[in-house]
Amino acid sequence: TLENFWWVVTAAPYQQYLFGLAPSAMLERVAAAPRLLFDQFNVWGVALGIWGLMQMLSSAERDIRKRGGALLIGIALIVGYAAVYGSRDSYVYLLFAFMLFTPAIASGIGDVLARLAPRWAYAGTRKRVAFLLLPIFNLAANFQTLDLSRDRGAFDYAHSIIRAVPNDAVIIAD
């Protein structure tokens with residue numbers, strides 16, 4: 001029916017979540033966004049991303065300034081929406097903000113490499129190797145945190161639920 005169609009189009013069941021938090025909870029979510037950004041990209045990535053955004057916004061080329069502005073506005077809108085949307089999983093929306101931050105990191109890396117290029121020929125082999133080993137260092141430093149191959153939390157939880165089900169019971173799951 002038209003009424004059901006309008007119910008779907010207007011997202012009626014979810015409208016209560018928009019601005020469904022206390023202002024203090026919204027501020028906590030806004031404050032958590034930079035921490036999550038550091039968790040995702042570490043200090044080097046965030047520094048390069050901020051540098052890249054600054055370079056884009058101050059570029060002499062209008063198109064590059066527009067791209068930098070679009071990235072910044074997009075990130076701000078997504079973080080703002082995630083902060084005011086009152087569901088427990090609204091942090092998932094920040095994934096899109098992180099995706100928008102990656103071109104800024106690429107811009108920062110490009111700018112740093114362009115600035116190093118004149119000196120690169122004169123830099124010693126040790127300096128070049130140290131610069132190129134930075135991603136390997138980040139991988140080694142964060143591998144234990146990122147390695148979930150031995151994480152059995154979900155399996156143990158499911159196993160405990162299944163053990164509690166009586167024999168010959170029918171389980172209906174979504």
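Residues numbered from 1 in each chain as written. Predicted model: local features only at pLDDT ≥ 70, side-chain atom pairs only at ≥ 80, totals over all residues. Heavy atoms only, no water.

Colleague: Lay out the nonpolar core with the relevant residues and their values.
Modeller: In terms of nonpolar packing, the biggest core is built from 17 residues, with L37, F41, V79, L94 and F101 touching the most fellow members. Elements with a contribution of two residues or more to this core: α2 (23-57), α3 (62-84) and α4 (94-120). Apart from the residues within four sequence positions on either side, V79 is in contact with A33, L94 and A97. (Core = buried A, V, L, I, M, F, W, Y, C linked by side-chain atoms within 4.5 Å. Buried < 20%, exposed > 50% of the residue type's maximum accessible area, 1.4 Å probe, protein only. Helix = DSSP H or I, 4+ residues; strand = E, 2+ residues; numbered from the N terminus. Contact = heavy atoms within 4.5 Å.)

Colleague: Please give an account of a nonpolar patch on the surface that cites residues and values.
Modeller: Together, L2, F5, W6 and V9 make up a nonpolar patch on the protein surface, roughly 490 Å² of accessible area in all. Within the secondary structure, F5 sits in helix α1 (residues 2-9). For F5, a relative accessible area of 51% corresponds to the exposed category. (Patch = residues over 30% accessible without salt bridge, like charges linked within 9 Å, V, L, I, M, F, W, Y side chains within 5 Å. Areas by Shrake-Rupley, 256 points an atom, 1.4 Å probe, with all protein chains shown as cover. Salt bridge = Lys/Arg side-chain N within 4 Å of Asp/Glu carboxyl O.)

Colleague: For the packing of aromatic side chains, give the residues involved together with the corresponding values.
Modeller: Across all of its chains, the model carries six aromatic pairs by this definition. Look at Y17 and Y85: their rings are 5.7 Å apart centre to centre, the planes differ by 50 degrees, and that puts the pair in the tilted class. Within this pair, whereas Y17 is found in the loop between α1 and α2, its partner Y85 is found in the loop between α3 and α4, the two being separated by 68 residues in sequence. Taking the relative accessible area as the measure of exposure, Y17 reaches 30% and is therefore partly exposed. A ring pair is formed by F41 and F101, whose centres lie 5.8 Å apart and whose planes are at 45 degrees; its orientation type is tilted. Here F101 lies in helix α4 and F41 lies in helix α2, a separation of 60 residues in the sequence. Assigned by exposure class, F41 and F101 land together as buried. Three or more aromatic residues joined by ring pairs make a cluster, and in this case those are Y17, Y81, Y85 and Y93. The ring of Y91 has R29 sitting right over it, with the charged end atom 5.5 Å from the ring centre. (Phe/Tyr/Trp six-rings, centres within 6.5 Å; stacked < 30°, edge-to-face > 60°. Lys NZ or Arg CZ within 6 Å of the ring centre and 35° of its normal.)

Colleague: Would you mind going over the packing of α2 against α3 in detail, with residue names and values included?
Modeller: Packing of α2 against α3 brings their axes to within 11 Å, and their N-to-C directions diverge by 170 degrees. With respect to their mutual orientation, α2 and α3 come out roughly antiparallel. On α3, the residues touching M26, R29, V30, A33, L53, M56 and L57 of α2 are I64, R65, R67, G68, G69, L71, L72, V79, A82, A83 and V84. A breakdown of the residues in the contact of α2 with α3 according to their chemical character gives 13 nonpolar, two polar and three charged. (Axes fitted to C-alpha atoms, helices over the stretch in contact; angles between N-to-C directions. Parallel < 35°, antiparallel > 145°, perpendicular 65-115°, else oblique. Nonpolar A, V, L, I, M, F, W, Y, C, P; charged D, E, K, R; others polar.)

Colleague: Give me the lowdown on α3, citing residues and values where you can.
Modeller: For α3, built from 23 residues, the straight-helix expectation of 33 Å at 1.5 Å per residue is met to within 8% by its first-to-last C-alpha distance of 33 Å. Within α3, burial applies to G68, G69, L71, G74, I75, I78, V79, A82, A83 and V84. (Expected span 1.5 Å × (residues − 1).)

Colleague: Could you give an account of unusual backbone geometry, with specific residues and numbers?
Modeller: Here the phi dihedral of A11 falls at roughly 55 degrees; this positive angle occurs in a residue that is not glycine. Within the secondary structure, A11 is located in the loop between α1 and α2. The phi angle at F19 is positive, at roughly 60 degrees, despite the residue not being glycine. Relative to the assigned elements, F19 resides in the loop between α1 and α2. The class of F19 is exposed, set by a relative accessible area of 57%.

Colleague: Residues and numbers for the environment of D89, please.
Modeller: With respect to the element layout, D89 can be found in the loop between α3 and α4. The class of D89 is partly exposed, set by a relative accessible area of 49%. Separated by 2.8 Å, the side chains of D89 and S87 make a polar contact. (Polar contact = N/O pair within 3.5 Å; in protein donor to acceptor, adjacent residues only side chain to side chain.)

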